[in-house]
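# Chain and residue survey
As a plain string of letters, each chain reads:
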Amino acid sequence: MNSEERSHALELADELLSDVELDRIPLDKLLLKGARLARLTSDDEFAKWIKKELSSYSANDFNGKYWRLTMRGSKKEEGTYTGAAHLAVYIDTLTMELKGLNLPSISGNYATVATRAALDHIGGVRNAITRHNQVVTAARNVLHDFVSKHYYLLRFSIHQGEMFEAAKKSIDGVLSGMPGDALRKIDSAYANISAGDPEAIAGAMNSVRRLVDAVADAVFPSTDEVRRDGQGNAIKLGAQHRLNRIKAHIDDYVDSKGRGDRMKRAVGDIYARVSSGVHNDVAASEARYLFLSAYVLLGEISSLSVSETKKVPERPDGNAE
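The residue numbers shown here count from 1 along each chain, following its written sequence. Restriction of local features to residues with pLDDT of at least 70 applies here, the model being predicted, together with a cutoff of 80 or more for giving and counting side-chain atom pairs; totals for whole chains, interfaces and linings are based on all residues. The side-chain values count all of the structure's non-hydrogen atoms but skip hydrogen atoms and water molecules.

Further remarks concern the packing of helix 9 (residues 242-253) against helix 10 (residues 257-277). Between two packed helices, both the angle of their axes relative to each other and the distance between the axes serve to describe the pair. Running from N to C, helix 9 and helix 10 cross one another at 165°; their axes reach a closest spacing of 10 Å. The orientation of helix 9 relative to helix 10 falls into the category roughly antiparallel. Crossing handedness for the pair helix 9 and helix 10: right-handed. Only Gly260, Met263, Lys264, Val267, Gly268 and Tyr271 of helix 10 make contact with helix 9, whose side of the interface consists of Leu243, Ile246, Lys247, Ile250 and Asp251. An axis is simply a line fitted to the C-alpha atoms; with a helix, the fit covers only the stretch in contact. Between two such axes, the angle follows the N-to-C directions and lies from 0 to 180 degrees. In DSSP terms, a helix is any run of H or I states spanning at least four residues, a strand is any run of E spanning at least two, and both are numbered starting from the N terminus. The scheme is simple: roughly parallel for angles under 35 degrees, roughly antiparallel for over 145, roughly perpendicular for 65 to 115, oblique for anything else. The sense of a crossing depends on the near helix, which, turned anticlockwise from the far helix by less than a right angle, makes the crossing left-handed and, turned clockwise, makes it right-handed. Contact criterion: two residues are considered in contact whenever any of their non-hydrogen atoms come within 4.5 Å of each other.

Below is the structure:
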């Protein structure tokens, strides 16, 4: 769904949720609105279930799943083949009939027989109302569960979209201020992923790798300086040591060890995978997530010098790292 369709679906789900909970409209109208929501959310199975509840039913439909959920049980009783929408109307008819039923005011030899027959009929009508009400109530509950699920999924999706748009605006602002053509590399990668063929995806992975390289050059230009790790091993920061330079940048601006380790591990994993993907097949689905992960992570890395306040040591050339 696009954003407009998502907003419409959320509005419909919100309205339908209130309709069900407040019993504002008849069941057939609820089911018709539910069918519209099922179409908007591409929930084909539920759309088919609603169609059954608007017409007729079989114990074998959906392998008995909704037969059991709607409390129809295992017995093929009279009336249970009817959809819940029709049962709701039938309940109204039975209720009106029940109001008009009275015990016969007769006497004589047949009074007992007539009274017993009348009581049996009244009891039968009451039992039918109870049995059908059970199905109708269960069907409403199934509909309510469906609407609730999609209502919260749609709300989360919209909030997630708003959060991503805010992050995108911030990330694009950071990347657009970098020297070089970082945003063009992003656009190139996206276009290739959208194309979907193996050659285009390989090109996309190459664009993502070059984007990582561009970020490394921007946040931590190459230097002859050599750093040492915890074991005293040399860490070179030359032109070809781009991952080392990104990790050094993270070390300079991130105080939290947990956050720093997470960012360094993630950028290393992404760089290794996109480098491999230039020469080996990468599925389109994985390529999309690699692209998104790289985009968000590089935005976070690029923004460190802007958002963090940690003071970095002086480099040998006199500039702050």
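One can find Asp229 in the loop between strand 1 (226-228) and strand 2 (234-236). As used in this structure description, the phrase polar contact means that two N or O atoms lie within 3.5 Å; if the pair is within protein, one of them must be able to donate a hydrogen and the other to accept it, and residues adjacent in sequence are counted only when both atoms belong to side chains. Here the side chain of Asp229 touches Gln231 through a polar contact of 2.9 Å, landing on its backbone nitrogen.

One finds Leu37, Phe46, Trp49, Leu143 and Val147 to be the most contacted residues of the largest nonpolar core, which totals 39 residues. Elements that contribute at least two residues to this core include exactly helix 1 (3-22), helix 2 (27-40), helix 3 (44-53), helix 4 (65-69), helix 5 (84-100) and helix 6 (111-176). Each residue touching Leu37, except ones within four places of it in the same chain, is listed here: Ala9, Leu12, Ala13, Leu16, Phe146, Val147 and His150. Counting residues in each nonpolar core, the second largest holds 37 residues, with Ile193, Ala216, Val274 and Leu297 among its members. To form a nonpolar core, buried Ala, Val, Leu, Ile, Met, Phe, Trp, Tyr and Cys residues must be joined to one another through side-chain atoms within 4.5 Å. Each residue is assigned to one of three classes by its accessible area relative to the maximum for its type, calculated with a 1.4 Å probe on protein chains only: buried under 20%, partly exposed between the two thresholds, exposed over 50%.

Turning next to the pattern of salt bridges. One speaks of a salt bridge when a side-chain nitrogen belonging to Lys or Arg is within 4 Å of a carboxyl oxygen belonging to Asp or Glu. Using the criterion set out here, one finds 19 salt bridges in the structure. Notably, a salt bridge pairs Asp28 with Lys29, separated by 3.8 Å at the nearest N-O pair. Of the charged contacts, one joins Glu300 and Arg262 as a salt bridge, the two residues approaching to 3.0 Å between their closest N and O atoms. Pair noted here: Glu300 is in helix 11 (residues 284-302) and Arg262 is in helix 10, with a separation of 38 residues, a long-range link. Note on Glu300: relative accessible area 19%, which makes it buried. A cluster of three or more residues bridged by salt bridges with shared partners is formed by Glu15, Asp19, Arg24 and Lys33.

A few words now on the packing of aromatic side chains. In this scheme Phe, Tyr and Trp rings, the latter by its six-membered ring, pair at centre separations within 6.5 Å, and the angle between planes marks the pair as stacked below 30 degrees, edge-to-face above 60, and tilted otherwise. Per the stated rule, a full pass over the model turns up eight aromatic pairs. Taken together, a centroid distance of 3.8 Å and an interplanar angle of 10° make the contact between Phe46 and Phe146 stacked. Here Phe46 is found in helix 3, whereas its partner Phe146 is found in helix 6, with 100 residues between them in sequence. Across the pair, Phe146 and Phe46 agree in class, each one buried. Clustering of aromatic rings is evident, with ring pairs tying together Phe46, Trp49, Phe62, Tyr66 and Phe146. The side chain of Arg72 reaches across the aromatic face of Tyr57, ending 4.1 Å from its centre. Looking at Arg72, its charged tip hangs above the ring of Trp67, at a distance of 6.0 Å from the centre. By definition here, charges over rings are those cases where NZ of Lys or CZ of Arg is within 6 Å of the ring centre and within 35 degrees of the ring normal.

Turning next to helix 1. A helix's residues, less one, multiplied by 1.5 Å, set its expected span. Compared with the 28 Å implied by 1.5 Å per residue over 20 residues, the 29 Å span of helix 1 between its first and last C-alpha is a close match. Those residues of helix 1 lying buried are Ala9, Leu10, Leu12, Ala13, Leu16, Leu17, Asp19 and Val20. Directly beyond the C-terminal end of helix 1, a positive phi value near 55° is found at Asp23.

A few words on helix 5. Its 17 residues place the ends of helix 5 25 Å apart at the C-alpha level, agreeing with the 24 Å of an ideal helix rising 1.5 Å per residue. Along helix 5, the positions that sit buried rather than exposed are Ala84, Ala85, Leu87, Ala88, Ile91 and Leu94.

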